[in-house]
Amino acid sequence: GIMVDGSRGVNLWVVDSKIQGCRDHGIKASGAAHVVVDGCDLNGNEGHNISISGEVTASIGDNKVHQGQAAGIHITGSTCVATVKGNTVQGNAGPGILVDNGATPKITNNKVTGGKGYGILLHEAGGVVDRNKIAQNGDHGIMCDRAESQITTNDVSHNRGCGMVLDNHSQCLVEGNTVANHTATNILVGGGSNPRVSVNFIGGGAGSGLVFTDGATGIASQNTIQGAKGCGVEIRKEADPRVLDNIITECKAGGIVVSVGGMGLISENQVCKNHPQGVLLSGCTEVTVIKNRIMDEQWGLVFNNGARCVARENLLERCNKAAIMLTDNADPEVANNTIEDTQHYGVLVQAQSKGTFTENDIACSRAAGVRIIGESQTVLIGNVVRDGKRLGCLVEEHSQVTMSKNQLYQNGEAALRLTGQSRVTAEADLVYGGFGDGIEMLNSSGTLSGLEVHRNAKSGVVVSEGSDPEIVNCDVHDNSISGIVVLKGAHPHVHDCDLHNNELSELACKEEGDPLVEDCQVHHGKRTGIAVYTNGRGRFFKNDIYSNCGPGVRVSANAHPEVKDNTIRHGLDTGVHVFDHGKGVFERNKIFKNGGDGVRVRSLAEPTIVNNEIEDGHAKGVFISDQAKAVLERNHIRRNAQANVQVSNKAKPRIFHNHISDGQAEGLVISNASGDYQYNDVKGNAGDAWRIEGKFSDPKVASNQIHDGKGDGLHITTEAYPEVKTNKISAHAGLGVFVEAKANPVVENNEITENQSGGLRVAFESTGHVRENQIHNNRTFGLTADTNSVPVVVRNKINNCQGPGMIIKSGARPQVEHNEITACTVGVRLSDPGTEARVFKTSCSGTTETGMHITHKARVRVEECH
């Protein structure tokens, strides 16, 4: 329409003109011309509606530039000086405004709409693009190709391509723009470009908000990116931008997504209400995510597809599924983050992922603070996992976790739960103040070393379902149920731990639990030290069990532990208590200075108690009762305040080869009980050495050494009917054997000697058989039957007594046959009315006074005596 050749110095003003339908450009100016185009209507020209090139100085303002077959306005050349202002550029077939070849125009306040191509194309150009409205074009709103422009305060919207594309090493400033609702990405940065994208509103659109790709770098800062159907920010294909201090919200494919090959720094952004995640790092290795606030997301920060990035000092809050998720072999470093108030998991690690988590604060998760599943291997160091509604950490499905110096506290259920053949290596962690168990291990393994587990509302550590961890050097205390619980076939190795001040028991074992517990301190329990019950097993070796309020060791309900080489001491109650069908082996333990019995066995229990030292207790040394069937062998039982051994209420123990000595009361008491008692050494007790009482008492007492007591040697009373054979009963301050109160024993083949109050006395309506005993060197008498007793006294040898060999008096009616009485003062002395005796084939010799002395109306039949 108009062609200006500036080489001839043309100055041209084109004002209020209409230039339409030209076969080439509407206006073309070149050379050194000065051109003003103002208020014109350029319409439907086949070339560019306006073309400016060369050294032209142009002012293009307030024109209507539309329906051209090429660009609406074309400015080209580095020597061109142009201002494009206030134009309406509409419906052109090419770019609305095309700037290339180094041109640097100032493009302001234009409306560039409805074109079939780009709104503005900057190709190898610069200049300023400011306060323009660029909308509804058929391709990108602004296309920068190797451009160095300032693109500011523009309204770029509803274009069918991208809102802006910065490509091919463009270095633009993109600031203060509104870029929204495009068919593709709102802003795409690629081809090694290095822009600064700041303070823009980037909203809506069918694609992503801001994309860096193909080696792009640059800075994206202080933008608001909202409502994109794609990602808020996407980084891919070797791009390496810095994404700083942006608000990214309500995007439908994630807030920030970094995919394979993407790099960069993501810092101080606010990322919220995107779907499905706030930040996704997929397959990338060189991304740092720092000091962001990520909130109200389904998934807060996601690492997948082998991502190996760094995330630190971020705040993640109110996420639904998980604040941080690792999946598909991800292995990031996650440090110093704060995670609060997630609906499910603070951290979720799955699908063979790894990850190192250091010094994060994970709080108020509703399902678990940390969940590790799917053969993952995770490291947790110095984290705080607290105030969860349910679990602190959950590890399952063949996963492994390495933990050190973490604090897990005030969680609603277990602070740490392992299940599904998972494995843990934990060192120096603190687990406390939870509303459930401290640690639960179900069908899992590993090592717990140097942990402090305390003040949990249930138990400190629960090991179940076949788990076999090593628990070493742990301090487990002040938990509201037990310190450690082992059950359901679990078999941990617990050693060198300090278990104390727990409520019910320091260690409990039940339901086929079978721990090895060694070298532990088990003390100051508010009830029991070690409790084994309900078919529990276990091996308990070399532990120091002391100062517990209840029993040091309690075994019941068909439990069957091995308790060996332990020290069980200074308890306020019983040292060992076995009851209700409890079993077990107790060997080489030192049980002393307990407030109750040293060992108590009752209610059908059947333990084996061998080679223990049971001493200095404030009650009985061993108390067996209620139909119990204990085996007590080769123990040293001494210096207890009550009976060293008491057996009562139909108990039936086997007591062999024990040393029972120096008790402050009786050595051994059998009360309405039976059992087999052989080869024991009973000496030096303050009361009777051995007392058998009650009409249900029928023990077998054989081959024992019963000596040097301060009371009677063997006291049989109240209808008891024991079998007493081959014992040596000697050197007691009282009688050797005293049978009274309707007792009916068999006393056979014993040696009864050197007793101060006499050898054997049968009195108070007692009966029984006294036969083939050697009764000698007793002071006062050898054998006395008195007070209506009716014994059978046969084939005894009674000699060297300092009094009579035999005294029958006070209504006694014995049968005396085949006895040999020698070297006593009197052989047989009979006296008192009602006394009746048959003395048959009994010899009395070597007496100092008389062989037989009958007086005071006693009645006696003497046959074939010598």
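Residues numbered from 1 in each chain as written. Predicted model: local features only at pLDDT ≥ 70, side-chain atom pairs only at ≥ 80, totals over all residues. Heavy atoms only, no water.

Asker: Sorry if this is basic, but what is going on with the overall build of the chain here?
Answerer: On a plain count of helices and strands, the chain comes out with zero helices and 113 strands. Rg of the C-alpha trace for the chain: 51 Å, well past the compact-globule value of 29 Å for 866 residues, more than 25% over. Dimensions of the chain along its principal axes, counting C-alpha atoms only, are 175 × 30 × 30 Å. The burial tally for the chain puts 60% of its 866 residues in the buried class. Put simply, 36% of the contacts in the chain that link residues at least 6 apart link residues at least 24 apart. Accessible surface computed for the chain: about 30,200 Å², of which carbon and sulfur atoms make up 42%. Positive and negative side-chain charges of the chain, numbering 82 and 98 respectively, have mean locations separated by a distance of 5 Å. (Helix = DSSP H or I, 4+ residues; strand = E, 2+ residues; numbered from the N terminus. Rg over C-alpha atoms; globule rule 2.2 N^0.38 Å. Buried < 20%, exposed > 50% of the residue type's maximum accessible area, 1.4 Å probe, protein only. Contact = heavy atoms within 4.5 Å. Areas by Shrake-Rupley, 256 points an atom, 1.4 Å probe, with all protein chains shown as cover. Lys, Arg positive; Asp, Glu negative; His and termini not counted. Charge placed at Lys NZ, Arg CZ, Asp CG, Glu CD.)

Asker: How do you make sense of the side chain of D100 when you look at a structure like this?
Answerer: Examined against the element boundaries, D100 turns out to sit in strand β13 (residues 97-100). Look at D100: it is buried, it has no salt bridge, and the nearest opposite charge is K28 at 12 Å. In contact with D100, other than residues within four places in its own chain, are H74, I75, T76, G77, H123, E124 and A125. (Salt bridge = Lys/Arg side-chain N within 4 Å of Asp/Glu carboxyl O.)

Asker: For this particular structure, what's the right way to read the packing of aromatic side chains?
Answerer: A ring pair, where both rings are aromatic, is described by two values, the distance of the centres and the angle of the planes. For the structure shown, the criterion picks out three aromatic pairs. Between Y409 and Y432 the ring centres are 4.9 Å apart and the planes differ by 15°, which places this aromatic pair in the stacked class. On the criterion of sequence distance, the pair formed by Y409 in strand β54 (residues 407-409) and Y432 in strand β57 (residues 430-432) is long-range, its members being 23 residues apart. Taking the relative accessible area as the measure of exposure, Y409 reaches 18% and is therefore buried. Between F656 and Y679 the ring centres are 6.1 Å apart and the planes differ by 70°, which places this aromatic pair in the edge-to-face class. Of this pair, F656 sits in strand β86 (residues 654-656) while Y679 sits in the loop between β89 (676-678) and β90 (681-683), and the two are 23 residues apart along the sequence. Judged by its relative accessible area of 42%, Y679 is partly exposed. The residue whose ring lies beneath K650 is F696, and the NZ or CZ to ring-centre distance is 5.1 Å. One Lys or Arg, R838, reaches over the ring of F840 and ends 4.5 Å from the middle of that ring. (Phe/Tyr/Trp six-rings, centres within 6.5 Å; stacked < 30°, edge-to-face > 60°. Lys NZ or Arg CZ within 6 Å of the ring centre and 35° of its normal.)

Asker: What is the right way to look at the pairing of strand β19 (residues 142-145) in this model?
Answerer: A regular strand carries its side chains on alternate faces of the sheet. Burial along β19 is two-sided: I142 and C144 and M143 and D145, pointing in opposite directions, are all buried. Relative to β19, strand β16 (residues 120-123) runs parallel, the two being bridged by four bridges. In the strand pairing of β19, H123 is matched with D145. Judged from the four bridges that link them, β19 and strand β22 (residues 164-167) form a sheet pairing that is parallel. Residue pairing in the sheet places D145 in a bridge with D167 of β22. (Pairing = 2+ DSSP bridges.)

Asker: Can you help me understand the environment of K590 in this one?
Answerer: One can find K590 in strand β78 (residues 590-592). Sequence-distant contacts of K590, defined by excluding residues within four places in its chain, comprise N566, T567, I568 and E613.

Asker: What's the story with the state of the cysteines in this structure? I'm lost.
Answerer: Covalent bonding between the sulfur atoms of two cysteines is what defines a disulfide. Here the structure, examined in full by the defined rule, presents zero disulfides. Cysteine C144 is unpaired, with the sulfur of C172 as its nearest cysteine sulfur at 3.9 Å. Cysteine C284 remains unbridged, with the sulfur of C309 as its closest cysteine sulfur at 3.5 Å. Overall, the relative accessible area of 1% leaves C284 in the buried class. (Disulfide = S-S within 2.5 Å.)

Asker: Please clarify how the pattern of salt bridges should be interpreted in this entry.
Answerer: Side chains bearing opposite charge may pair, as long as their charged atoms lie close to each other. Evaluation of the coordinates by the stated rule reveals 41 salt bridges. One salt bridge in this structure joins R386 and D387, with 2.8 Å as the shortest N-O distance. A residue is classified by how much of its surface remains accessible, and R386, at 18% relative accessible area, is buried. The closest approach of N and O atoms between D616 and R639, which form a salt bridge, is 2.8 Å. Taken together, the positions of D616 in the loop between β81 (613-615) and β82 (622-624) and R639 in the loop between β84 (636-638) and β85 (645-648) put the pair 23 residues apart, joining distant regions of the chain. According to the relative accessible area criterion, R639 is partly exposed, its value standing at 33%. One network of salt bridges, with partners in common, ties together E562, K564, D565, E587 and R588.

Asker: Which parts of the structure should I look at to understand the pairing of strand β53 (residues 400-404)?
Answerer: For strand β50 (residues 377-381) and β53, the ladder comprises five bridges, and the chain directions are parallel. The residue of β53 that forms the bridge with T378 is V401. As judged from the five bridges shared by β53 and strand β56 (residues 423-427), these two strands associate in the parallel manner. Paired with Q400 across the bridge in β56 is R423.

Asker: It is not clear to me how the nonpolar core should be interpreted in this structure. Could you clarify?
Answerer: Nonpolar side chains in soluble globular proteins tend to end up buried together. If you look at the biggest cluster of nonpolar residues, it comprises 192 residues, and the most contacted ones within it are I151, L281, F303, I324, L448 and W690. Considering every element that reaches this core, the biggest residue donor is strand β43 (residues 322-326), with three residues. Apart from residues lying up to four places away in sequence, I324 is in contact with L301, F303, L316, V334, I339, G346, V347, L348 and F357. With 14 residues, the next largest nonpolar core counts C231, L280, V302 and Y345 among its residues. (Core = buried A, V, L, I, M, F, W, Y, C linked by side-chain atoms within 4.5 Å.)

Asker: Looking at this structure, how should I read unusual backbone geometry?
Answerer: Negative phi characterises most residues that are not glycine, and trans characterises most peptide bonds. Of note, the bond from H275 into P276 is cis; its omega dihedral lies within 30 degrees of zero at 0°. Tracing the chain through its elements places P276 in the loop between β36 (270-272) and β37 (277-282). Unusually for a residue other than glycine, D662 sits at a positive phi of about 60°. For D662, the position within the fold is in the loop between β87 (659-661) and β88 (668-671). Residue D662 is classed as partly exposed on the basis of its relative accessible area, which comes to 38%.

Asker: How should the side chain of E587 be read in this particular structure?
Answerer: With respect to the helices and strands, E587 occurs in strand β77 (residues 585-587). Of the residues examined, E587 reaches a relative accessible area of 17% and is grouped as buried. Reaching out from E587, the side chain makes a polar contact with the side chain of R588 at a distance of 2.9 Å. In contact with E587, not counting residues within four places along its chain, are V563, K564, D565, V610, N611 and N612. (Polar contact = N/O pair within 3.5 Å; in protein donor to acceptor, adjacent residues only side chain to side chain.)

Asker: Just to check I follow, could you spell out the environment of R131 for this structure?
Answerer: Mapped onto the elements, R131 comes out in the loop between β17 (128-130) and β18 (133-135). The partly exposed category is assigned to R131, whose relative accessible area is 45%. Every residue in contact with R131, bar those within four places of it in the chain, is listed here: N109, N110, T152, T153 and N154.

These figures come from the coordinates and say nothing about function on their own.
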